Amino acid sequence: MLLSIPDSVRKLWERWNLRGLIIISLSLQAFLIMFASSRKRRGGWKIVMLIWSAYLLADWVATVAIGLISSGLGLTPISQANTSTRRESNDILAFWAPFLLLHLGGPDTITSFALEDNELWVRHMLGLALQVLSTVYVFLQSLPKNILWLPSGFMFIAGIIKYAERTRALYLASSNHFEESACRKPNPPALEYQRIQRMCSSIKRAYLPARIAMIKRSEQIFQKMEYLEDQSMGYFESTTILQFAFEFFDTFKGLIAGLLLSPEERQESQAFFLNRSPNYVIQIIEIELSILYEVLHTKVQVVRCKTGYIFRSVSFGCILGAYFSFLYVKKHSFQMFDIRLTYGLLIGAMVLDFISLIFVIFSDWTFRHQYRHQYWGKRAKNIASRVINRRRWSESVSQYNFFTYCLNDYPEWVNKLAEALRLRSILEAINGMRHRSFEKFRKNQEWRFIFGELRKKSRTATTVEQGKKICLQKGDGILGKCKYENLKWSIQDYFEYTESLLMWHIATELCDEDKAEDGPSSENIDYKAICKLLSDYMFYLLMTQRTMMAPVSGNWMLVFQDTLAETKRLFSGQSVSTKKEACEEIRKKIPDEIRDEIIDEIRDKPRTLKGGESKSVLIDAKILYKQLTKLEGKRWKLMSKVWVEFMSYAAINCRAYVHAQQPSNGGELLTFVWLLMNHLGLGTQVTQREAVEWKFVAAK
C-alpha cells in the first residue's frame, strides 16, 4: 500500500524546493568567500569539516537546482492555473539558471579542497559544457515571449566566465601543469660552445701565454658567503620580505613537482638564509607556504593576469547590466517573493564580486607589484605592513602522548570488534581527535632553537654530498660525539627509526615526571619545554599523520602495539589514572639495577632479551632514561637537539607532494622544517651536475 502525500505538503514542496535550493546556494557562496581561507590559519578539524561540507554541498545544490529548472519540476507550481501568469513565472525562474551557473564557478577563495581535486579539471570542463547546455535549453524553452531575455543573456555570459575561471584554475594547479610551470626556460648550449671556440681561436691567433680554465660557479658563490650572527641584520621592511618570498617561491616550487635544484640555486639560497635572523626566515617561509596555498587552491593564477582582469571586468559589467535591465522590466505579473529573491541574487552577485575585488587589492600579489614600481607612501606602507604581517597559519603544534593514549584507550572488546570489522584506523583517528591538544608555537623559543641547530649543520655543508649526508642523521649527529657515545646504542641500525623515536618519547616522559631538574640556562631558552613539545609532536605525527610519516614509519604499528601491550601488562591490577602515576609505576616495576646487568647485552642482542619477535621498547626506554639522569644539567639541551634531528630526518624524507597538502589544513611544523632545510642547502632534491664558467688564466 502506497503512502499518499497530502496535497498541502505536495504544493508546499513544489513551491519551495527550487527557491529553497537557490537561497541555500547563495548562502553557501557567501560563507565560502568569507571563511574558506580561514582553514589555512586554523588547524582544528571542526572548521575544516565545516568548509569541506560547504564546498561539496555548494556544487551539489547548484547542480540539482539547474536540474529542477531544466526538467520543469520547479517551473510550474500546481496553484498557478492562469496561462499568462504561468508564462511570466517561468520567465523569472528561467532567469535564475545563469545564477546557478555563476555559483558553480565558485568564489575566488576556494577552487579545490584537496590537491586531488585539481586533477579532476577535465571532469569540471565536461561539467561546464553540460551545465551550459542545460542553461541554454532552459533559456530556449522560455522563448520567444521571454521578457527577461536581456538580463538572462547578461547573466549567462557572467556565469560562463566564472565557471571557466574555476576550470582553468584547476588545470593550472594540476600536477602536470604545475611541473611545467616550475621548469625554467630552455637554455640551449650551442651559444656557450661557440663562445668557447672563439676564446680558443683568439688565444692561438694572439700567441698569448694563457689557457682556458673551468671554474665552478657554486664555489664562487660559497666563497663570498659571510656569516652574520643572529639578529645582526637589523630591521627589514615587510615589503622586502614579501619580495624575497616570491623570488624563493619561484625557485623552490619545483620541489613539489619532484624537480631538482641546481647547485647554484642551492648555494645562493644557503648564502641568503645563513645571513638572516630566525624571525626573518620564518616570515619568508610563512609567505612562501601561503603563496603555495593560493596557487593550488584559489583562482589567484587566473585572476592575477591581464586576461583575468579583462574577463573579470566583463563579468562584473554583465552583472550590472543584468541588474539595470531587470530594474526597468515591468514586473507587475511576477510574484513579490520571486522579485525580491531575484534582487537578492543580483545584489548578492555584485557584493560577492566586490568582496573578491577587495581581496585582490589587499593581496600579496598586489603589494609585490607595487613594490616593483615603488608606488609607496607612508600610509600605503602601514597598510602593506599590516596585510603582509597577518597570521598565515595556525601557529600551533599538535600534541599527543603515549601515556595519554594508553590510559584512555578503548576497552579490549571494542578494539577486538573494530579489528574484526577492519575499523581500527577509524577508531584510532577518533581517539586521536578526542585526546589531541595544541600548544602555541613560540618563534623566539622553539623556532629560534630549531633554526639555530639546522644553521650549525648548514655551515658544514659546503657541498651537495655533505648536505645529503647531514639529512641522513637521525640522532647520530649529536650522539656520535665522544662524550655521548654511551647513548648511541639507542639510535643504532638494529633499532628502526620509529623504535628509536618511541623509545626517546617514553624516556622524555619519564624525565618530565622526574623531580630532578636541570639548572637554569644562560641562553634564556627553556630546553625542557622545547623537548616536550617536539616529543609529543613527533608522536602525534606517527599516530595521526600516517601519510607524512610513511617513508620512515617501517613497522611502526608492530612497535607501537607491542609496547602498548607490555605497558598495559605492567599497569594491570593497578589503579593508574594519570601520567605521573604511570611513570612512577614504570620506574617501580622495572628496577634500576637492570641497566648495569644487561646494558652491554642490549647493544649486541636487543631482540633476544625482549622475547624473540617482540618489538616493545619499554625496557629500552627505561634504560635510556636512567642514562639520561646521569647527565648533570645538560640532559634537556641534549634531548632537544636529538629531537630536532629526529624531526629533520622525518621532514626531509616526507614526500614533497604531501608537504604541499599541509598549508590547507592549518600548516604543519614538519613542513616548515622541510622548507627551511632546503633553503639551508640540506635537501636531497639537488642535482649533482654543477654549472661551470670558462675564463682566461695565466699558463704555467
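To keep things clear, this report deals only with the structure shown in the data block. Computed from a predicted model, the values in this text were never measured in an experiment. (Residues numbered from 1 in each chain as written. Predicted model: local features only at pLDDT ≥ 70, side-chain atom pairs only at ≥ 80, totals over all residues. Heavy atoms only, no water.)

Turning our eyes to something else, we now look at the overall build of the protein chain. Within the protein chain one finds 34 helices and four strands. Contacts spanning at least 24 positions in sequence make up 85% of the contacts within the protein chain whose residues lie at least 6 apart. Roughly 33600 Å² of accessible area belongs to the protein chain as shown, and the carbon and sulfur atoms make up 58% of that amount. (Helix = DSSP H or I, 4+ residues; strand = E, 2+ residues; numbered from the N terminus. Contact = heavy atoms within 4.5 Å. Areas by Shrake-Rupley, 256 points an atom, 1.4 Å probe, with all protein chains shown as cover.)

Before going further, it helps to examine the pattern of salt bridges. Per the counting criterion, the structure on display carries 23 salt bridges. Across the salt bridge formed by D59 and R166, the nearest N and O atoms sit 3.0 Å from each other. Here D59, found in helix α2 (residues 45–71), pairs with R166, found in helix α7 (residues 149–173); they are 107 residues apart in sequence, far enough to count as distant. Close ionic contact of K443 with E286 constitutes a salt bridge, the shortest N to O distance being 3.0 Å. With K443 in helix α22 (residues 443–460) and E286 in helix α13 (residues 278–297), the pair connects residues that are 157 residues apart, well separated along the chain. Among the residues examined, K443 registers a relative accessible area of 26% and is labelled partly exposed. The class of E286 is buried, set by a relative accessible area of 8%. Via salt bridges that share partners, E509, D512, E513, K528, K532, D536 and K579 belong to a single interconnected network. (Salt bridge = Lys/Arg side-chain N within 4 Å of Asp/Glu carboxyl O. Buried < 20%, exposed > 50% of the residue type's maximum accessible area, 1.4 Å probe, protein only.)

Within the secondary structure layout, R436 lies in the loop between α21 (424–435) and β3 (437–440). Buried charge without a partner: R436 forms no salt bridge, and the closest opposite charge is E668, 6.0 Å away. At 3.1 Å, the side chain of R436 and the side chain of Y540 are in polar contact. In this structure R436 touches G43, W45, S398, Q399 and Y540, once residues within four positions along its chain are discounted. (Lys, Arg positive; Asp, Glu negative; His and termini not counted. Polar contact = N/O pair within 3.5 Å; in protein donor to acceptor, adjacent residues only side chain to side chain.)

Moving on to unusual backbone geometry. Residues apart from glycine generally show negative phi values, whereas peptide bonds are mostly found in trans. Unusually for a residue other than glycine, E395 sits at a positive phi of about 55°. In this structure, E395 sits in the loop between α18 (378–388) and β2 (396–399). E395 gets classed as buried once you look at its relative accessible area, which sits at 14%.

A separate point is helix α6 (residues 121–141). Relative to the 30 Å expected for 21 residues at 1.5 Å per residue, α6 spans 30 Å between its end C-alpha atoms, a close match to the ideal helical length. Inspection of α6 places H124, G127, L128, Q131, V132, T135 and V138 among the buried residues, and these make up the whole buried set. Down the axis of α6, the buried set is contained in an arc of 135°. They therefore lie on one face. When the buried face of α6 is taken as reference, the exposed residues oriented beyond 90 degrees from it are R123, L126, L130, L133, L140 and Q141. (Expected span 1.5 Å × (residues − 1). Arc of directions from axis to C-beta.)

It is worth spelling out the pairing of β2 at this point. Where burial is concerned, the two faces of β2 agree: the one with S396 and S398 and the one with V397 and Q399 are both buried. When β2 meets β3, the two strands line up antiparallel, connected through four bridges. Counterpart to S398 in the pairing with β3 is F438. (Pairing = 2+ DSSP bridges.)

Counting 127 residues, the largest nonpolar core has W504, M538 and L669 as its most contacted members. Aside from chain neighbours lying at most four places away, what touches W504 is L479, S490, I491, L624, L628, M639, V642, W643 and F646. With 56 residues, the next largest nonpolar core counts L68, V138, L148 and A322 among its residues. (Core = buried A, V, L, I, M, F, W, Y, C linked by side-chain atoms within 4.5 Å.)

A probe matching the size of a water molecule, rolled over the atoms, marks out where space remains unfilled. For the structure shown, the criterion picks out five cavities of 30 Å³ or more. Counted as a void, the largest cavity has a volume near 120 Å³. Taken together, Q29, I33, L102, H103, G106, P107, D108, K162, A349, L352, D353 and S356 make up the full set of residues lining the largest cavity. Residue assignment for the lining of the largest cavity shows that the elements contributing at least two residues are α1 (7–35), α4 (97–104) and α16 (336–361). Among the elements that line the lining of the largest cavity, the one with the most residues is α16, at four residues. For the lining of the largest cavity, the residue count by class is five nonpolar, four polar and three charged. (1 Å grid on protein atoms, 1.4 Å probe; cavity = no way out; pocket = protein on both sides within 12 Å on 5 of 7 lines; lining within 4 Å. Points joined across faces, edges and corners; volume = space filled by probe spheres on them. Nonpolar A, V, L, I, M, F, W, Y, C, P; charged D, E, K, R; others polar.)

Under the defined criterion, the tally for this structure stands at 35 aromatic pairs. Considering the side-chain rings of F402 and F539, the 6.2 Å spacing of their centres and the 90° angle between planes classify their relative orientation as edge-to-face. Placement of F402 in helix α19 (residues 402–407) and of F539 in helix α26 (residues 527–544) is noted, with a sequence separation of 137 residues between them. An aromatic cluster of three or more residues is present, and its members are Y400, F402, F403, Y405, F539, W556 and F560. Looking at R276, its charged tip hangs above the ring of F272, at a distance of 3.9 Å from the centre. (Phe/Tyr/Trp six-rings, centres within 6.5 Å; stacked < 30°, edge-to-face > 60°. Lys NZ or Arg CZ within 6 Å of the ring centre and 35° of its normal.)

Before going further, it helps to spend a moment on the packing of α26 against helix α32 (residues 635–653). Each packed pair of helices is defined by two parameters, the angle between the axes and the distance between the axes. Contact pair α26 / α32: the axes reach a minimum separation of 8 Å and the direction vectors enclose 30°. Between α26 and α32, the angle is such that the two are roughly parallel. In this structure, the crossing between α26 and α32 has a hand that is left-handed. When α26 is examined against α32, the residues Y527, K528, I530, C531, L534, S535, Y537 and M538 are found in contact with a partner set consisting of W636, K637, M639, S640, W643, V644, F646, M647 and A650. (Axes fitted to C-alpha atoms, helices over the stretch in contact; angles between N-to-C directions. Parallel < 35°, antiparallel > 145°, perpendicular 65-115°, else oblique. Left-handed = near helix turned anticlockwise from the far one by under 90°.)

Here we take up the packing of helix α25 (residues 497–512) against helix α28 (residues 556–571). Look at α25 against α28: their axes get within 9 Å of each other, and the N-to-C directions meet at 35°. As for the relative orientation of α25 and α28, their crossing is right-handed in sense. Between α25, through T498, E499, L502 and I506, and α28, the contact on the second element is made entirely by W556, V559, F560 and T563. Class assignment of the residues belonging to the contact of α25 with α28 gives a composition of five nonpolar, two polar and one charged.

Moving on, we come to the environment of K468. In this fold, K468 is placed in helix α23 (residues 464–471). Separated by 216 residues in sequence, K468 and T684 place their C-alpha atoms 5.5 Å apart. Ignoring sequence-local partners within four residues, the contact set of K468 consists of G683, T684, V686 and Q688. Reaching out from K468, the side chain makes a polar contact with the backbone oxygen of V686 at a distance of 3.3 Å.

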